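Structure assessment
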Amino acid sequence: MTASNDFDAGRDHDLGTRLRAHFETTDDAAFTARILSRIGGETRESSWDVLARWAPLGVAAAAILALAAGLGLGMAWNASTASAPDTADPVVWLSTGQPVTSEFVLTAALTEPGMSGEQR
Amino acid sequence: MFNVPWLRSVKMDVTTMALSTPVQAGHEPATRVVSRSAAGRPESALVLAAKGGDQDAFGELVGLYAGQARRVARSVLGNGFDADDAAQDAFLLAWRNLASFDDRRPFRPWLMRIVVNAATDLYRRRKVRQVGTLPESVASREAGPERQTDRSILRDRLTTALAGLSERQRIAVTMFDAEGYSHAEIAETLEVPVGTVRSLVFHARRALRIALAPFEGDLP
């Protein structure tokens, strides 16, 4: 061996040569050609190909999510409007427990059919 | 099928020059080996082209590293056929995963890591023990040493000495002394600290030097 010091940071060229000879390979060109023939048989996907393959599924999922969100919003809207008290009706208004002025009751009574004298 | 003029000449022109590259904290500065294929294209250009799907460029990369990959795989598996299978699997895996390779990093430690993983994986799966056991032909020749040539004795000694090393020691010493990889590159390949690589190389060298001492100066 060229370097007798085992701690030597440099390469031991004699040992390297022996190891290379020991693990000697033959016909690297044929090996390379074999790999290339394998590679030729497969097409490697680009990231766009992967994206394109998942696109229909993604669009369908987005549509379902949008539909579900729309339905949810619609139901929430309906629920909020249904729970609001009919403030034009003094009976409903009174049931809410809020203070009522005499003008409001009078106005509501006058708008009731048959109270304004238009029936005649 | 492929237009690969470089295949006509297997002889590769490999030039090395030191470039500073960022390496993991605690590791020595890595040197980036700039290799050129027989066609003269630098490794970085080949990697970029191959990442874009250029099969000829990848073919040049395979031609550049086929010998190294096969020898490193042999250092793990011993058996030539298994080693070639592992090296082939590694190149195919590298081709499939090239898109995920960060081309700011050196290419060959990345490739060799795939080779080492493929070889060790095959070793585990097949539970191959060729490296750890002497081939029958070797054992039978032990009975009649007079019939052995010095070269075959040397080869048997080396086989036995390598069998006594750990898998990582074999890989480290092969990559360092036989293939010219730096400690940092081997550390990146084996995913261990540089100090561990130094230790692996040290112990492997010591064992091999003791085994080969009687053959001092006799190159195979």
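The rules behind each value
Residues numbered from 1 in each chain as written. Chains lettered and ligands numbered in written order. Predicted model: local features only at pLDDT ≥ 70, side-chain atom pairs only at ≥ 80, totals over all residues. Helix = DSSP H or I, 4+ residues; strand = E, 2+ residues; numbered from the N terminus. Buried ≥ 20, exposed ≤ 12 C-beta atoms within 10 Å, placed from the backbone. Contact = placed C-beta atoms within 7 Å. Nonpolar A, V, L, I, M, F, W, Y, C, P; charged D, E, K, R; others polar. Core = buried A, V, L, I, M, F, W, Y, C linked by C-beta atoms within 7 Å. Axes fitted to C-alpha atoms, helices over the stretch in contact; angles between N-to-C directions. Parallel < 35°, antiparallel > 145°, perpendicular 65-115°, else oblique. Left-handed = near helix turned anticlockwise from the far one by under 90°. pLDDT = per-residue confidence, 0-100.

To continue, consider the overall build of chain B. What chain B contains, in helices and strands, is nine helices and two strands. By the burial criterion, 42% of the 220 residues in chain B qualify as buried. In chain B, 67% of the contacts between residues at least 6 apart in sequence involve partners at least 24 apart.

What follows is about the overall build of chain A. A tally of regular secondary structure across chain A gives five helices and zero strands. Reading the secondary structure of chain A in the N-to-C direction produces α-α-α-α-α.

What follows covers the interface of chain A and chain B. Of the residues lining the interface, 30 residues belong to chain A; the matching set on chain B comes to 39 residues. Examining the composition of the side of chain A that touches chain B, we find that 12 residues originate from one element, helix α2 (residues 28–40) of chain A, more than from any other. Residue classes in the side of chain A that touches chain B are distributed as 12 nonpolar, eight polar and 10 charged.

Bringing the nonpolar core into the picture now. Residue and element names in this part refer to chain B. Membership of the largest hydrophobic core comes to 61 residues, with the highest contact counts inside it found for A73, V115, A119 and A172. Among the elements that line this core, the one with the most residues is helix α2 (residues 55–77), at 12 residues. Every residue in contact with A73, bar those within four places of it in the chain, is listed here: A83, A86, A87, V115 and A119.

Moving on: unusual backbone geometry. Look at D27 of chain A: it is not a glycine, yet its phi comes out positive at around 55°. Following the sequence through the fold, D27 of chain A ends up in the loop between α1 (13–22) and α2. On the neighbour-count criterion, D27 of chain A (11 C-beta atoms within 10 Å) is exposed. Here E191 of chain B, not a glycine, exhibits a phi torsion of approximately 55°, which is positive. Here E191 of chain B shows up in the loop between α8 (183–190) and α9 (194–212).

Now for the packing of α2 of chain A against α2 of chain B. Direction vectors running N to C along α2 of chain A and α2 of chain B enclose 135°, while the axes themselves pass 9 Å from each other. By the angle between their axes, α2 of chain A is oblique relative to α2 of chain B. You can see that α2 of chain A and α2 of chain B cross each other, and the crossing is right-handed. Touching D28, F31, T32, I35, L36, I39 and G40 of chain A of α2 of chain A are Q55, F58, G59, V62, G63, A66, G67 and R70 of chain B, all from α2 of chain B. Tallied by class, residues from the contact of α2 of chain A with α2 of chain B come to seven nonpolar, six polar and two charged.

Looking at the secondary structure, you find L212 of chain B in helix α9. Looking at L212 of chain B, the number of C-beta atoms within 10 Å reads 18, which means it is partly exposed. Sequence separation between L212 of chain B and R157 of chain B is 55 residues, and the spatial gap between their C-alpha atoms is 7.0 Å. Leave out the neighbours within four places in its chain, and L212 of chain B touches R18 of chain A together with R157 and L158 of chain B.

So, about the confidence of the model for chain B. Residues and elements named next belong to chain B. For chain B, the mean per-residue pLDDT works out to 78, and 70% of the residues sit at or above 70. Averaged over each element, pLDDT in chain B is lowest for strand β1 (residues 20–21) (34) and highest for α8 (95). Within the model, pLDDT remains below 50 along residues 1–30, and this stretch shows 62 contacts once partners closer than five positions in the same chain are excluded. Scored below 50 in pLDDT, residues 133–143 makes seven contacts in the model with residues more than four places away or belonging to other chains. The ipTM for the predicted assembly is 0.72, set against a pTM of 0.62.

A few words on the packing of α2 of chain B against helix α7 (residues 167–178) of chain B. Residue and element names in this part refer to chain B. For the pair α2 and α7, the least separation of the axes is 8 Å and the interaxial angle reads 150°. The angle between α2 and α7 places the two elements in the roughly antiparallel class. In the packing of α2 onto α7, the handedness of the crossing is right-handed. Between α2 and α7, the residues in contact are R71, V72, S75 and V76 and E167, R170, I171, T174, M175 and A178, respectively. The residue inventory of the contact of α2 with α7, partitioned by class, reads five nonpolar, two polar and three charged.

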